[in-house]
Every structure is written in C-alpha cells, then in structure tokens.
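Tertiary structure, described
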Amino acid sequence: MPRFTVRNAVVALNIVLLTALFVHLKYELWHKHAPAAELAGPLHLPDELLDDYQASTTPQADDGKTLKANAGITPRRTAVVVASQASENATWLSQYFPLWEKNIYHVDDANAPLTVPKNKGRESMVYLTYIIDHYDDLPDNVLFIHPNRYQWHNDDPDYDGLPMLRHFQLPYLEKEGYVNIRCAWSLGCPSEIKPLQEEGEHRQAVHAGGDYKKAFQHLFPELDVPKTVGVSCCAQFAATREKIRERKKSDYIRYRDWIIATKLDDNISGRVLEYSWHMIFGKKPVHCPHAEDCYCKVFGLCKLDCKDEGSCNGRYTLPPYSSLPKGWPYIGWQGEERQRAASEE
Ligand SMILES: *[C@@H]1O[C@H](CO)[C@@H](O)[C@H](O)[C@H]1NC(C)=O
Ligand SMILES: *[C@@H]1O[C@H](CO)[C@@H](O)[C@H](O)[C@H]1NC(C)=O
C-alpha cells in the first residue's frame, strides 16, 4: 500500500488536474467543432453547393477563413535571385530585406559560391540556372532582379530599388503567379517586337526583332509565333513556386540550352528572353496592364494620374543615359547637387 505522503498527494493532484485538462480539451477540440465540420461536409451538400464548399475550405493565404491550424504561423519563403557581375553590389538587399533568401550569382567569377555554367545571355542564364537547380525545393515567392540598388530602369522617381521592392505587393504576386516589377510603359509597352514583320532585320540599337521569330519557334514549339510582343522592359519580375512549376523542368533546361548554344550576341539572346518571361509564366504575348491599375496592384500606389500612359505623377521618367551619375541620387546628370525626388520608404 502506498503511504499517504506529501509527495504522493502532489502526484495524485497532478493526475486529477491532467485528467480534467484532457476532458476539457477533448470537449473544446472535438465535441464543439467536429460535428459542425461534419455537417458542413461534402456528403451533406447538394452538388450545386459543393463548389462553394470547396472554395471556402481551400486554404488561402489572405482570406482569414483558412481551416489549417497552423496557417499564418508557417512563414512564407521569399527569395531574391540576383544576376550580378563582379563590379556590382547587392549588399543593400541583406541590409534592408534580412528575411528574404538571397541567391546572388556572379556570372563572371567561376569561383563564386553561386555561378553559372556559361556567362551568356545576360541575366537569363542566372534566372534559368536558379530555377533548374531549385525546381524541387522552390520558395513560395521568387523575385528575379538585378543587383545594384540604383539602376536606370528601376520603376521609381530616383531609380531606387529600395522603395520599389518595399512597395512590391507580395499578396498580389501570390494571386497572380507572375508579376513584372515595372509598370511604366516607356520601354517595352504597348509593343516592343513584331517578330513576323521584323524577321531578319538589323538595327543599330540592340533589338531582338530580327532574330525573335526563329528563337521563339525553338523556345515555344507548341505555340504560333505572335504578331506582336510587348511587356514593360528590363527583366525584373517575380513568380510563385506554383507558377514556375506549371512548366516542366525540361522546358527551363531547353531554354538554357538554347542560350548556351546560340550564336547570337548576348545582348540579343538576353533580349529574347527578356521579352519571353511573361509568356513562359502564362501571360499573353502583349502583357501591358494599364499603368494606373498596375501601380496600384503591384506597388500599392493607387490613384496616380497616368492619362497618357506617360509618367504617372513622375513615378518614372526615361533617363538621358543608362549609367547613372556617380553619387546618384544626391548628384545629378550635370554633376549638380540634387535632392531625392521621393522617399526611401
Ligand atoms: C556595397 O554597398 C554598401 C552599401 O549598401 C557599402 O557599404 C559597401 O561598401 C559596398 N561595397 C563595395 C565593395 O563597394
Ligand atoms: C551587342 O554585342 C556585340 C558583341 O558583344 C557588340 O559588338 C555590339 O556592339 C552590341 N550591340 C550594341 C548595340 O550594344
């Protein structure tokens, strides 16, 4: 017989309390909720309500109705994939976006931690290499960008990538699957390439029109060559894991093999891919959403005035040169002192 000691009393008390807790939890978690869930279950629903039921029970990131117990706790993984050259500097990304996974590829350094099989096709070689190497373990959201914080094509009054990425609306990306990180129409929209009309053409400026048709037939053998291709320029965009995986890995390998094998100059093969990504990710050949709508959805900058698809309250103006002055944004194009045109926030 166990003797009645203080120790045994404490043990007995614990058992009683644990039992009470168990009974309480069983009631809370099972009896209270299980029957309700059962009643709402598919077996009790007429067919015409089944779709509604499934829609409302499919876990969704942003509707607050999710039934998954841990939704909202598991952090969504966001990664940046950066196509860098030795002369460029992407450290600002670690400084300002510490939670994003950084994948900084150095195309011109074979000994860099991340590099590419061949330095060809500009950023496209990096983007494709990342997708191919991570196809089975992609993060939820991937932003494909260039390294420097200030770049002439960044969609910001100071060409500053920091506010551009701070404003970027990840929930909109998660809804769309693919989003171009640029709304300005000034290069690429409403039409950049006319593959049929321009076949064989050679221009002084870099333009992929002359070579696009042949390339397109190789990259997308299942599609008819479009008459017109347009998307806002410059090959910075984002895609979700699901969107990337709508294509087979072998497609991405085929695109990369084309770049490795092509005799086209880099500035042309890179340009072909620049004007293909939106189609790779399921958009129409001309993907030029109205700038006003685009700024609102992509960057949360709503109610801008973009009547002529022009500058949208000065959000973006085409710069005179593609290399920014040393000391930008505090030194201007004539070497004069300059204030920022907009906030970093
Ligand atoms: C890169 O940029 C950071 C500021 O973001 C600066 O502190 C650092 O010195 C730069 N590195 C090089 C090698 O220029
Ligand atoms: C494109 O690249 C080739 C090879 O590097 C170069 O000769 C040509 O000048 C470039 N075209 C332009 C317009 O920069």
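Here's a quick rundown of the structure. Please read all numbers here as calculations on a predicted model, not as lab measurements.

Parameters and conventions
- Residues numbered from 1 in each chain as written.
- Chains lettered and ligands numbered in written order.
- Predicted model: local features only at pLDDT ≥ 70, side-chain atom pairs only at ≥ 80, totals over all residues.
- Helix = DSSP H or I, 4+ residues; strand = E, 2+ residues; numbered from the N terminus.
- Near = placed C-beta within 6 Å.
- Nonpolar A, V, L, I, M, F, W, Y, C, P; charged D, E, K, R; others polar.
- Pairing = 2+ DSSP bridges.
- Axes fitted to C-alpha atoms, helices over the stretch in contact; angles between N-to-C directions.
- Contact = placed C-beta atoms within 7 Å.

What follows deals with unusual backbone geometry. When glycine is set aside, most residues are seen to have a negative phi, and most peptide bonds are trans. Geometrically, the link from C189 to P190 is a cis peptide bond, its omega value of 5° lying close to zero. Structurally, P190 can be placed in the loop between β4 (178-180) and α8 (209-219). Here the amide bond leading from W328 into P329 is cis, since omega sits at 10°, within 30 degrees of zero. Non-glycine residue C234 carries a positive phi angle of around 90°. Position of C234 relative to the elements: it lies in the loop between β5 (230-231) and β6 (237-240).

Turning our attention to the site of ligand 2. By nearness alone, every residue bordering ligand 2 is listed as A205, V206, D265 and N267. Its residues assigned to classes, the shell around ligand 2 shows two nonpolar, one polar and one charged.

A word on the sheet that holds strand β3 (residues 141-145). If you walk across this open sheet you meet the five strands as β2-β1-β3-β6-β4, and the pairing is mixed. A single partner strand is all that each edge strand has here, and the edge strands are β2 (101-106) and β4. Direction aside, the axes of adjacent strands within the sheet are offset by 15° on average. Note: strand β1 (residues 78-84) against β2, six bridges, orientation parallel. In the sheet register, V80 faces β2, and the bridge partner there is K102. Against the sheet, helix α5 (residues 123-134) engages β1, β2 and β3, with an angle of about 145° to β1.

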